[in-house]
Amino acid sequence: REAGEWKEIALGDVCERIMDGTHFSPASKSGPYLYLTSKNVRPGALVLNDVSYISAEDHRSIFARCPVKKNDLLLTKDGASTGNCTLNPLDFEFSLLSSVAVIRGDHEKILQEFLAQDFQSRHIQDQIADAISGQAITRITLEKIKLFKVWLTCPPEQQRISDCLASLDDLITAQSQRIEAIKTHKKG
């Protein structure tokens, strides 16, 4: 209440950057830098149990094009997992394949936590489904992502909404873990 009107606006109008990783496979297959792909981006989580590494030289080239920061939204834009997204929890440099888009909102217009919640909503997931093209390998382009419509209110209200939804996500996670523990107990 009294938080102002909601406005529907194109994502590209409220973001500092919408970019993706390299479109070419790095020459190196080992080195000191993480190299992540769409398989590492899950709904609400960045999974690092199956990662690749690349050389410092390859990383510098890729990172110059796509400088990922902590709290950027990572969105799979190619393949079967298109639409999976999570906020980047890592506070160090790594490189991405082009199958992952990086979305960085303008903090004066949209909060990253709100953006992440919005991208998990039916409203955005339907836009992703409508924007997918391709037969063998499905994908969405950065240009289509920039056109996605988001509903916005003022940042303080975005924060309240994000906090509420995050607490519900925590409850869902805890309940899922409890269910898995009970299933394991039942098998025993």
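Please refer to the structure higher up on the page.
Residues numbered from 1 in each chain as written. Predicted model: local features only at pLDDT ≥ 70, side-chain atom pairs only at ≥ 80, totals over all residues. Heavy atoms only, no water.

(A) Fine view of the sheet that holds strand β3 (residues 33-36). If you walk across this open sheet you meet the three strands as β6-β3-β9, and the pairing is mixed. Bordering the open sheet on either side are β6 (52-54) and β9 (95-96), each of which pairs with just one other strand. Where β3 and β9 come together, two bridges link them in parallel fashion. Residue pairing in the sheet places L36 in a bridge with L96 of β9. (Pairing = 2+ DSSP bridges. Helix = DSSP H or I, 4+ residues; strand = E, 2+ residues; numbered from the N terminus.)

(B) Here's a closer look at the side chain of S28. Here S28 shows up in the loop between β2 (15-20) and β3. One polar contact links S28 to D58, side chain to side chain, over a distance of 2.6 Å. Excluding anything up to four places from it in sequence, S28 contacts Y53, I54, S55 and D58. (Polar contact = N/O pair within 3.5 Å; in protein donor to acceptor, adjacent residues only side chain to side chain. Contact = heavy atoms within 4.5 Å.)

(C) How the structure looks around the pattern of salt bridges. Summed over all chains, the structure comprises ten salt bridges. For D20, the salt bridge is made with K77, and the minimal N-O distance between the two is 3.2 Å. Within this pair, whereas D20 is found in strand β2, its partner K77 is found in the loop between β7 (73-76) and β8 (85-87), the two being separated by 57 residues in sequence. Here the two residues D20 and K77 agree in accessibility, since each one is buried. Between D78 and K77 there is a salt bridge, and its shortest N-O distance comes to 3.8 Å. Residue K77 is classed as buried on the basis of its relative accessible area of 5%. Each of D20, R65, K77, D78 and R139 takes part in a single network of salt bridges with overlapping partners. (Salt bridge = Lys/Arg side-chain N within 4 Å of Asp/Glu carboxyl O. Buried < 20%, exposed > 50% of the residue type's maximum accessible area, 1.4 Å probe, protein only.)

(D) Local environment of the nonpolar core. Counting 25 residues, the largest nonpolar core has L11, L73, L75, I103, F119, I145 and F148 as the members making the most contacts within it. Taken together, the elements giving at least two residues each to this core come down to β2, β7, β8, β10 (100-105), α2 (112-119), α3 (122-131), α4 (142-147) and β11 (149-152). For this core, the leading source of residues is α2, giving four residues. Residues in contact with L73, not counting those within four places in the same chain, are C85, T86, L87, A101, V102, I103, Q112, L115, A116 and F119. Formed by 13 residues, the second largest nonpolar core is a distinct cluster that contains L34, L36, L46 and C66. (Core = buried A, V, L, I, M, F, W, Y, C linked by side-chain atoms within 4.5 Å.)

(E) Quick peek at the sheet that holds β2. Pairing is antiparallel across the open sheet formed by four strands, whose spatial order is β2-β10-β7-β8. Of all the strands in the sheet, just β2 and β8 have a single pairing partner and so form its edges. For this sheet, the mean angle separating the axes of adjacent strands, direction not counted, is 20 degrees. Across five bridges, the pairing between β2 and β10 is antiparallel. (Axes fitted to C-alpha atoms, helices over the stretch in contact; angles between N-to-C directions.)

(F) The packing of aromatic side chains, seen in detail. Taken as a whole, this structure holds two aromatic pairs when the rule is applied. Pairing W6 with F114 gives two aromatic rings, centres 6.3 Å apart and planes at 45 degrees, and the pair type is tilted. Of the two residues, W6 sits in the segment before β1 (7-10) while F114 sits in helix α2, which places them 108 residues apart along the sequence. Since its relative accessible area comes to 39%, W6 is described here as partly exposed. (Phe/Tyr/Trp six-rings, centres within 6.5 Å; stacked < 30°, edge-to-face > 60°.)

(G) Main features of the pairing of β3. As judged from the three bridges shared by β3 and β6, these two strands associate in the antiparallel manner. Across the sheet, L34 pairs through a bridge with Y53, a residue of β6.

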